[in-house]
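Here are the chains, one letter per residue:
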Amino acid sequence: MSVVLLDHGEGGAASARLLTEVFLRHLGAPEVLEDAAVVPGAGRLAISTDSFVVRPAFFPGGNIGKLAVCGTVNDLAVMGAAPRYLTCGFILEEGLELAKLELIVQAMAATAAEAGVTMVAGDTKVVGRGEVDGVYINTTGVGFVPPELNLSAASCQPGDRVLISGPVGDHGTAVMLAREGFGIQSDLVSDCQPLGDLATEVIAASSQLRCMRDPTRGGLATTLIELCEASDVGILLDEPALPIRREVRAATDLLGLDPLYVACEGRLIAVTPAAQADAALAAMRAHPRGAGAAIVGSVVSGAPKLVLETAMGGRRPLVALEGAQLPRIC
Amino acid sequence: MCLAVPGKVMELNGSMGRCDFGGVERELCMDLLPEVETGSWVLAHAGFAIQLLDEEEAKKTLDLFQEWADFEAENTLGPTPIEAANASEAGGGSDGPPA
Amino acid sequence: MAPRLDDRARADALVARIERAVTKPTALMEVCGTHTMAIGHHGLRSRMPEGLRLVSGPGCPVCVTPCEDVDRAIAMAELPDVIVTTFGDMMKVPGSRSTLAKARAAGANVQVVYSPIDALRLAQQQPDKTVVFVGIGFETTTPTIAATMLRAKSAGVDNFCVLPAFKVVPEAMEALVLSPQTKIDGFICPGHVTAIIGVAPYAPLAAKYGVPCVVTGFEALDILEGVAMLVEQLAAGDARVENQYKRAVPDEGNPKAMAITRQVLQPCDAMWRGVGVIPGTGLEPRPEYASMDARARLPVDLPPPADLPKGCSCGAVMLGLMLPNECPLFGKACTPASAVGPCMVSSEGACAAYFKYGGA
C-alpha cells in the first residue's frame with residue numbers, strides 16, 4: 001500500500017493507520033488523542049493561519065511541509081510572539097505516493113523542532129484524483145506576546161530606518177525556475193527558514209522597535225507598500241543598498257522580472273528608530289539566519305508611497321503589482 | 001521589444017550552446033550566430049543568441065566583464081550555514097524524492 | 001544588472017553633458033518599449049533638465065498588435081486539440097472581449113513559453129495536438145521565430161504553426177516623422193533591433209528629415225549617453241546616425257539573422273492598433289511556409305473586432321502626440337487592474353510605464 005486512497009480520508013481504520021504510521025510517528029503522539037488540544041500558556045495570544053499550495057511541492061531548498069511550518073511560525077515571530085503551538089490540516093489527492101507524504105511530514109517535524117514549536121492538532125482529508133494537486137496544507141499557529149511589546153505596521157515614524165535580514169527574491173526565483181521549465185539552471189535555493197530566534201535578537205537589540213514583517217508573496221516591495229499605508233508614511237528605498245544575489249539578478253534579468261516583487265520565505269523586515277538601526281543590524285548579522293542583512297531605506301513624512309532612489313540618482317515609485325509578474329521579451 | 005541579456009558561451013553542442021549569465025545557465029540556440037565559439041560573449045533574446053558582444057567595446061563603456069569579476073570577489077551574500085546545509089540536503093534528495 | 005559604485009559618478013557626468021547642451025524645448029522619442037521601461041526603472045526622467053521631454057513611441061509590439069490578432073489567438077486556444085503558446089507579454093492584452101489569461105482560466109489551452117524553440121519542442125512532444133505560437137515581435141524577435149520555423153520544416157514537424165503578427169520599425173519611424181502633428185527632434189534608436197538590422201535603415205531619416213538618430217543600449221548609462229549624444233548633435237545643428245551601443249551593434253547588424261528572416265517571411269501591410277495600417281510594415285510566411293501559417297491552418301469565425309473604446313487614446317499616446325496622463329481615461333476607467341487599451345496592459349506600454357513610474 002504505497003499511495004493515498006480515498007479510504008484514508010474516511011475516519012475509519014485506514015485513517016487511523018495513516019495517522020499513526022505517518023503523522024504521529026513524525027510529529028509526536030500525545031498520551032491521549034482528544035478532539036482539541038488544551039495547552040498551557042498565558043498572556044496576549046497571537047494567532048495566525050496560512051494555507052500552502054506551492055508547486056512544485058519539492059523545490060530546491062525545501063518542500064511544502066517545511067514551508068507550511070515556516071510560514072506560520074514567521075508570521076507569529078514578527079509580531080514578537082514566541083511561536084509555541086501549531087495545527088496542521090492536510091488535503092490529500094488520491095494516488096499521492098506515501099513516500100512523498102512521509103518526506104513532507106518529516107520536514108515539518110524537523111522544522112517544528114528547529115523552531116521550537118509543537119504540533120498539537122491536525123486533520124486529514126482525501127479527495128479524488130485530480131481534485132487537488134497532490135497535497136495542500138493549512139497551518140494555524142499560536143504564540144504569546146510579552147506584555148511590554150507592541151509591534152505594529154501602523155507604528156512607523158518619519159526618521160525610522162528599514163532593515164532587511166538578507167538577500168531578497170531567493171524563494172520565488174528558485175521555485176519559479178523549478179516549476180516553469182524555462183530551461184534556466186542555477187544553484188539557487190529557497191531561503192525558507194524559521195525566524196523566531198532571529199526576531200528575538202532584533203527585539204533585544206532595539207527597545208523601540210516599531211514593527212517587523214516577513215515579506216512573502218509580492219516580495220519586499222509589496223510588504224513595504226503595506227507598511228506605508230498602515231502607518232501613513234512614505235518609505236525611501238536605497239537601490240545600491242538592496243541585497244540581491246547575483247543568481248537572482250541574472251534569472252530575473254533573463255525573464256524580465258523585478259526581484260523587488262519576488263517572494264521571500266525566510267527574510268525579516270525590521271523598522272527601528274534611526275538611533276537603534278545599527279544595533280539591530282549588528283544583531284541580525286551576528287545571527288546565522290541574518291547574514292547579508294542591510295539597512296535599505298528610511299521612513300519619511302508625506303504621501304504613503306514607496307519610492308526607490310535609483311543608483312542613477314533618479315526616483316522610481318514602487319506601486320502595488322496587479323497580480324503575478326509574467327516573463328517578457330519586450 | 002528588446003529585452004536581451006549578455007551571457008558567456010561555456011559549451012557548444014551542435015547549434016545549441018550552454019551559456020552562463022552570472023550564476024544561472026541556459027541553453028541558447030545559435031542558429032543566428034553560426035560563427036560563435038566557446039568563450040564568446042553573446043546577447044540572449046527569447047532563447048537565442050542574437051549578436052556577439054565585442055569585449056573591447058564592452059570594457060570601454062561598462063566594464064561589463066570586470067563587473068562580474070568584482071561582484072564575485074566581493075560577494076558577501078554567500079549562503080548562511082543553514083542555507084548551505086539545505087542546499088546540500090536538497091542536492092542529496094532528503095528534502096524531496098529522488099529526481 | 002547590479003549597480004556598481006562608480007555608476008553614479010558616470011551618470012552625473014552624463015547628466016551634466018545633457019544639461020549643458022539643452023538650450024531650448026526638445027522632444028526626443030524613445031522608439032522602443034524596452035527603453036521606456038528602462039527609463040522608468042532607473043528614474044531617468046527625473047534627471048532630465050527642464051525643457052527636455054522623453055516621449056514614448058510605438059515600439060511596443062504588444063501595444064500595437066491589433067485586437068483581431070488577440071481575438072484570433074483566443075479563438076484558436078478554444079479549439080479542441082490546439083495549444084496556443086505565447087510570450088508572457090501577450091497574456092493580459094485586451095482583445096475585443098477577453099484576454100488570453102482569462103481564456104486560460106476558462107479552460108482554453110494557453111501556455112507561456114520563454115522561447116519559440118520551447119513551443120516547437122512542445123509540438124514534438126505532443127504530436128496529436130496543433131501547437132500555435134503567437135508570432136509578435138519587431139526585428140529583434142522575428143529572426144528567432146523564423147529560425148524556429150526553419151527547424152520545424154527540416155525536422156518534419158507538421159503540427160507546429162505560427163500566428164504572424166510581426167512588425168518592422170524603420171518604416172514606422174518614417175511615418176512618425178512625416179506625421180504633421182508629431183514634433184520629434186531626435187530618435188533614441190532601438191539597440192537590439194539595430195543589432196539585427198544594422199544602422200543603414202536610419203540614414204534616410206537623418207539625411208532627408210534632418211532628425212539625428214542615436215542607436216542606444218539599455219543600461220542606464222547607455223541611455224544617458226545616447227541622450228547626451230542626441231542633444232549635443234542638436235546643439236551643433238547636426239543630423240547624423242551615431243552608434244552609442246557599439247559593444248553589441250556592428251554597423252552591419254546580423255546579416256545571417258536577416259537572411260533567415262527573408263528566407264521564411266515576406267513583407268505585407270500591417271495594422272498598428274490605435275494608429276492604422278502602415279503599408280509594408282508587417283511580415284507573413286512565404287508561400288513555401290504557408291502550411292505553418294496558423295490563420296490558414298486553423299480558420300476561426302471572428303465577430304468584427306471592437307474598435308478602441310470611446311476616449312481611449314492609445315493611438316495618440318503611441319505616436320507621441322499625447323502624454324498618458326492627458327488621456328481622459330488614464331487612472332480612472334483605465335488602470336493596470338482594468339485596462340481599456342493595450343498601452344496600459346503591456347508591461348512596457350507607455351501608459352503602464354507612466355502609471356508605474358509616475359512620469360518619473
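Computed from a predicted model, the values in this text were never measured in an experiment.

## Some points on the overall build of chain B
When helices and strands are tallied, chain B shows three helices and five strands. Buried positions account for 52% of the 99 residues belonging to chain B. Partitioning the intrachain contacts of chain B with sequence separation of at least 6 by distance along the chain shows that 31% fall at a separation of at least 24. Carbon and sulfur atoms make up 51% of the accessible area of chain B, which amounts to about 4,200 Å² in all.

## A few points about the confidence of the model for chain B
All names here are of chain B. Chain-level pLDDT for chain B is 74 on average; 57% of the residues reach the 70-or-more range. Highest mean pLDDT in chain B belongs to strand β5 (residues 48-52) (97); lowest belongs to helix α3 (residues 81-92) (47). Predicted confidence is poor over residues 71-76, with pLDDT under 50, and the contacts of this stretch with residues over four places away or in other chains come to five contacts. With pLDDT under 50 throughout, residues 79-85 is counted as low confidence; its partners more than four residues away or in other chains account for 13 contacts. Here the predicted complex scores 0.89 on pTM and 0.92 on ipTM.

## Side note on the pattern of salt bridges
In the structure shown here, the tally under the stated rule is 30 salt bridges over all chains. Here A:R25 and A:E102 are joined by a salt bridge, their closest N and O atoms 2.9 Å apart. Highlighted residues: A:R25 in helix α1 (residues 13-27) and A:E102 in helix α3 (residues 98-115), separated in sequence by 77 residues. Among the salt bridges present, the one from B:R18 reaches B:E11, with a minimum N-O distance of 2.9 Å. For B:R18, a relative accessible area of 31% translates into the label partly exposed.

## Structural notes on the interface of chain B and chain C
At the junction of the two partners, chain B supplies 34 residues and chain C supplies 46 residues. Interface of chain B and chain C: buried area, both sides summed, is about 3,100 Å²; carbon and sulfur atoms make up 61% of it. Linking chain B to chain C there are three salt bridges. A salt bridge links C:R121 to B:E27; the nearest nitrogen and oxygen atoms lie 3.7 Å apart. Those elements that place two or more of their residues in the side of chain B that touches chain C are β3 (24-29), β4 (41-45), β5, α1 (55-61) and α2 (64-73) of chain B. For the side of chain B that touches chain C, the element with the most residues is α2(B), which contributes six residues.

## What to know about the sheet that holds strand β6 (residues 160-167) of chain C
All names here are of chain C. Strand order across the open sheet formed by six strands is β4-β3-β5-β6-β11-β10, with mixed pairing between neighbours. Of all the strands in the sheet, the pair left with one neighbour each is β4 (110-112) and β10 (265-272). Strand after strand, the sheet turns through a mean of 25° between neighbouring axes, direction not considered. Note: strand β3 (residues 82-86) against strand β5 (residues 130-137), four bridges, orientation parallel. Along β5, the bridge assignment pairs I83 with V131.

## Some remarks on the sheet that holds strand β6 (residues 135-145) of chain A
Residue and element names in this part refer to chain A. Taken in spatial order, the four strands line up as β1-β6-β4-β5 in an open sheet, and their pairing is mixed. What marks the edges here is a single partner per strand, and that holds for β1 (44-52) and β5 (118-127). Looking at each pair of strands side by side, their axes are set apart by 15° on average, direction ignored. With nine bridges joining them, β1 and β6 adopt antiparallel strand pairing.

## Focus: the nonpolar core
In this structure, C:V132, C:F160 and C:F187 are the most contacted members of the largest nonpolar core, which totals 114 residues. Filtering out sequence-adjacent residues up to four positions away, C:F187 remains in contact with C:M29, C:V31, C:M173, C:V177, C:L205, C:V211, C:P212, C:C213, C:V214 and C:L230. Counting residues in hydrophobic clusters, the runner-up holds 36 residues, among them A:F58, A:I64, A:A68 and A:V135.

## A short note on the state of the cysteines
All names here are of chain A. Under the criterion given, the structure shown has zero disulfides over all chains. With no disulfide of its own, C211 lies 3.9 Å from the sulfur of C156, the closest cysteine sulfur. When its relative accessible area of 1% is taken as the criterion, C211 is described as buried.

## Looking at the environment of A:G219
Residue and element names in this part refer to chain A. Structurally, G219 can be placed in helix α6 (residues 219-231). Sequence spacing of G219 and I47 is 172 residues, and the spatial spacing of their C-alpha atoms is 23 Å. Not counting residues within four places of it along the chain, the set of residues in contact with G219 comprises L260, Y261, V262 and A263.

Calculation rules
- Residues numbered from 1 in each chain as written.
- Chains lettered and ligands numbered in written order.
- Predicted model: local features only at pLDDT ≥ 70, side-chain atom pairs only at ≥ 80, totals over all residues.
- Heavy atoms only, no water.
- Helix = DSSP H or I, 4+ residues; strand = E, 2+ residues; numbered from the N terminus.
- Buried < 20%, exposed > 50% of the residue type's maximum accessible area, 1.4 Å probe, protein only.
- Contact = heavy atoms within 4.5 Å.
- Areas by Shrake-Rupley, 256 points an atom, 1.4 Å probe, with all protein chains shown as cover.
- pLDDT = per-residue confidence, 0-100.
- Salt bridge = Lys/Arg side-chain N within 4 Å of Asp/Glu carboxyl O.
- Buried area = accessible area lost by both parts, 1.4 Å probe.
- Pairing = 2+ DSSP bridges.
- Axes fitted to C-alpha atoms, helices over the stretch in contact; angles between N-to-C directions.
- Core = buried A, V, L, I, M, F, W, Y, C linked by side-chain atoms within 4.5 Å.
- Disulfide = S-S within 2.5 Å.

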